[in-house]
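# Summary of structural features
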Amino acid sequence: MPARIGFLAPIVVFLVLFFGYPLAANVAMSLREYTAASFYTGEAPFVGLANYAAVMGDPVFTTAVANTAVFTAASLLFQFGIGLALAVFFQRHFPLNGILRSLLLIPWLLPLVVSGTVWRWIFDQQYGILNQTLLGLGVIDSAVPWLSSTAIALPSVTVANIWVGIPFNMVILYGGLQSIPAHLYEAASLDGAGPWQRFRHVTWPLLRPVSAVVLMLGLVYTLKVFDVIMVLTQGGPANATQTLTTWSYSLSFGELDFGLGAAVGNLLIVVALLFSVVYLRGLRSSAPATARKRR
Amino acid sequence: MLSTHIPRTPRLRGSSAVVAAGLLTLSTACTGTGGDEEVASLTAMDYNLAEPQNGTTATMLDECGEQAGVDIERDAQPRDQLMPRLLQGASQQDLPDLMLVDNPDLPQIAATGALLPLDEAGFDTGGYYPSVLEAGTHEDTLYGIAPGVNGLALFTDTAKLDDAGVDPPQTWDELRDAAAELTEGDTKGLAFSAIGHEEGTWTFEPFLWSNGATLTELDSPEAVEALELWSDLVEEGSVAQSAVNWSQADVNDQFLGDRAAMMVNGSWQLPVLDDEDVGYDVVPLPVPEAGSDPATPMGGEVWAVARNGGEREEKAVEVLQCLLSDDNMRQWAELNAYVPAKEEAAEQLAEDDPQMAPFVESVPSARSRTAELGEDYPDVSTAIADAVQEALAGSASAEEALSRAQQSVPEN
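What counts as what
Residues numbered from 1 in each chain as written. Chains lettered and ligands numbered in written order. Predicted model: local features only at pLDDT ≥ 70, side-chain atom pairs only at ≥ 80, totals over all residues. Heavy atoms only, no water. Helix = DSSP H or I, 4+ residues; strand = E, 2+ residues; numbered from the N terminus. Rg over C-alpha atoms; globule rule 2.2 N^0.38 Å. Buried < 20%, exposed > 50% of the residue type's maximum accessible area, 1.4 Å probe, protein only. Contact = heavy atoms within 4.5 Å. Areas by Shrake-Rupley, 256 points an atom, 1.4 Å probe, with all protein chains shown as cover. Lys, Arg positive; Asp, Glu negative; His and termini not counted. Charge placed at Lys NZ, Arg CZ, Asp CG, Glu CD. UniProt positions renumbered as here; feature names shortened; annotations may be inferred. Disulfide = S-S within 2.5 Å. Buried area = accessible area lost by both parts, 1.4 Å probe. Salt bridge = Lys/Arg side-chain N within 4 Å of Asp/Glu carboxyl O. Polar contact = N/O pair within 3.5 Å; in protein donor to acceptor, adjacent residues only side chain to side chain. Nonpolar A, V, L, I, M, F, W, Y, C, P; charged D, E, K, R; others polar. Patch = residues over 30% accessible without salt bridge, like charges linked within 9 Å, V, L, I, M, F, W, Y side chains within 5 Å.

### Focus: the overall build of chain B
Summing up its helical and strand segments, chain B has 17 helices and 13 strands in all. For 412 residues, the compact-globule formula gives about 22 Å, and the C-alpha radius of gyration of chain B, at 23 Å, lands near that figure. For the C-alpha atoms alone, the extent of chain B along its principal axes is close to 70 × 45 × 30 Å. For chain B, the proportion of its 412 residues judged to be buried stands at 56%. Within chain B, counting contacts between residues at least 6 apart in sequence, those at least 24 apart form 76% of the total. When the accessible surface of chain B is split by element, carbon and sulfur atoms take 44% of a total near 16,600 Å². In chain B, which carries 18 positive and 77 negative side-chain charges, the distance between the mean positions of the two groups comes to 8 Å.

### Re the overall build of chain A
When you go through chain A residue by residue, the secondary structure sums to 14 helices and zero strands. Listing the helices and strands of chain A from first to last along the sequence gives α-α-α-α-α-α-α-α-α-α-α-α-α-α. With respect to the principal axes defined by its C-alpha atoms, chain A has extents near 75 × 75 × 30 Å. Taking all 295 residues of chain A together, the buried fraction comes to 42%. Within chain A, counting contacts between residues at least 6 apart in sequence, those at least 24 apart form 66% of the total. Looking at chain A as shown, the accessible area adds up to about 15,900 Å², and 72% of this sits on carbon and sulfur atoms. Taken as two groups, the 15 positive and 10 negative side-chain charges of chain A have centres that lie 24 Å from each other.

### Side note on the UniProt feature "transmembrane region" (unreviewed entry) in chain A
The UniProt entry lists residues 69-90, 102-123, 143-164, 206-223 and 258-280 of chain A under the feature "transmembrane region" (unreviewed entry), expressed in the numbering used here. Along residues 69-90 of chain A, the helical share is 100% and the strand share 0%, with 31 Å between the first and last C-alpha atoms.

### What about the state of the cysteines?
Residue and element names in this part refer to chain B. Tallying each qualifying case throughout the model produces one disulfide over all chains. Paired by a disulfide, C64 and C322 hold their sulfur atoms 2.0 Å apart. Given an S-S torsion of about -75°, the disulfide between C64 and C322 has left-handed geometry. Here the residue C64 occupies a position in helix 2 (residues 53-68), and C322 occupies one in helix 12 (residues 310-323), the gap between them amounting to 258 residues. In terms of burial, C64 and C322 fall into one category: buried.

### Regarding the interface of chain A and chain B
The extent of an interface is frequently quoted as the accessible surface area lost upon association of the parts. Taken residue by residue, the interface counts 27 residues in chain A and 35 residues in chain B. Across the chain A to chain B interface the summed buried area is about 2,600 Å²; carbon plus sulfur atoms make up 53%. Area buried by chain A at its contact with chain B is led by Y40, Q126 and E255 of chain A, which between them contribute 28% of it. Across the chain A-chain B interface, the total number found is one salt bridge. When the shortest N-O distance is used, the salt bridge between D250 of chain B and R120 of chain A registers 3.0 Å. Linking chain A to chain B there are 10 residue pairs in polar contact (both at pLDDT 80 or more). Of all the elements in the fold, those that place two or more residues in the side of chain A that touches chain B are helix 2 (36-41) and helix 13 (244-254) of chain A. The residue makeup of the side of chain A that touches chain B, split by class, is 13 nonpolar, 12 polar and two charged.

### Regarding a nonpolar patch on the surface
Nonpolar side chains collect at one region of the surface, where L8, I11, V12, V13, F14, L15, V16, L17, F18 and F19 of chain A lie side by side and expose about 960 Å² of accessible area between them. Examined against the element boundaries, V13 of chain A turns out to sit in helix 1 (residues 2-30).

Pasting the structure below:
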């Protein structure tokens, strides 16, 4: 027993110190009127749930929640879909396979500030390469305000984020594909399965645990995406790309109202937790099914 | 050396170290002017990380520290880190003795009660522009003082204006016409920053104010008219809609890259433009009617002193007097292309450097951004920036956008 405590103690201390304390402090902060003055005087009147009420009553709240949902769902869907397609593609043997695969990793290796800036240039209304190309091909008649229209800015930012996330999905899913025994594919072929059937009945079920991890991590990453949006649009124009993350930042460090910022941050944590629980439950119920199939 | 960490109020009783430090506070407070223990070092914080300001700030602090007989430990932070760092310091009752902050941020720190009122400390304010002093004032008390200030003006590309036969515009109507006339191919007539935070608000404020609007009545017809001027310029194609994503540095890039024939920008761009060797001219911002006063927001940083106990405050004020001496002020202004905070020095500069003249001209009527709203300014500033963006992106009319922004103005 003492030995067990010895092993557990460091991790418990670590969790309490680096997760428990900040989380508790953040919750406490969100229940107080915490302004710049509070830092010096130490006086932050307890206001109960007033910050949450204020945040939820703010018209930006609805926008930020909707944006967060759209941004996250679209990012996950396309990052995963394209990542999986690429992973399957690279499973085949062909020349330059390795080099191409490493090239596709570049978006993941670049600092987000760098890739964000490049996307800003691509999307520029007047001299961005995207508009120039589309105008040249005759697809559009006039330049599209990719980042400066309240209607198009969110899809544009999402596209940039999808591009950033594809390599991560591809790498992990590619690893998952490598662990599927080749003889299963041979057996399926002998049974007369075509490429789609092989994917549907061999690849997909056996890849499920890896997919779950990728989607879970992707969800957490995407919910907290900050740099891409900040570099591209700063949450603008007129909050059109404001997510809960960027809004929390601007409340805390733009308006210096730390109570409100903390409240938004906590709501974000709740959303992430909810999704995680749903996901882990889904994972638990699907795991035996996969195992059964394997037998 | 004396401890540089003296908590003002021993909040954390129980720890012997803190109690000891608390006693130390008492002893320094009691001996006060007695001076049996000399203050040997002071701390300073600023965000002048770019050269040459970085080097000059360090040299000036060193020299002034030497004159006052103290070492100064300078801590330079990136701009967006400064306020969080200061607030962190405030929470530990350990603010730097001297701090250089952007003037609209000053009320936030002053409201904490952590700053030394400068008139109480015997600081001589003779010769300063009243508008400069106002920008460092919170609730009728002077807490900060600027070595130099900056403002906004209209920069014009002389070659482009000559080619088109356009004179630098002086009124809004002329601005509209000139911008339309100068728009050709990839080049827009005008560029300004309408980004979604303080930078966008500050660029819009001169238009708002010179039309007679105030920050407390954002839905007034005067305010709506000002925003309509901006949204019309975008709608007519004289200003790129991308302005909603541009910082002032981006606007300068547009101007340098031949994408804009005119721009609204600040004096600190002058050294950048001179490096690039472009033919440009600077004129005061156009006003609604010929002859009305330009009203630009007062820009620039102010030095403030923390309440860190008698001895240290005295030394810090001594250093501050030196930092703001006529010579240092002139050097500071020349280096940053700022307007000196003292009237006489500013007028001299306008004579020596005609490019600075429009900026000097704008200082007497320049307004403190926080005068009307105090600590509520950051909140309202965000709302104004949002309204500007809504109008320019075409998602709301100027009137709708501003009446929404009005909701964030606290009622008194």
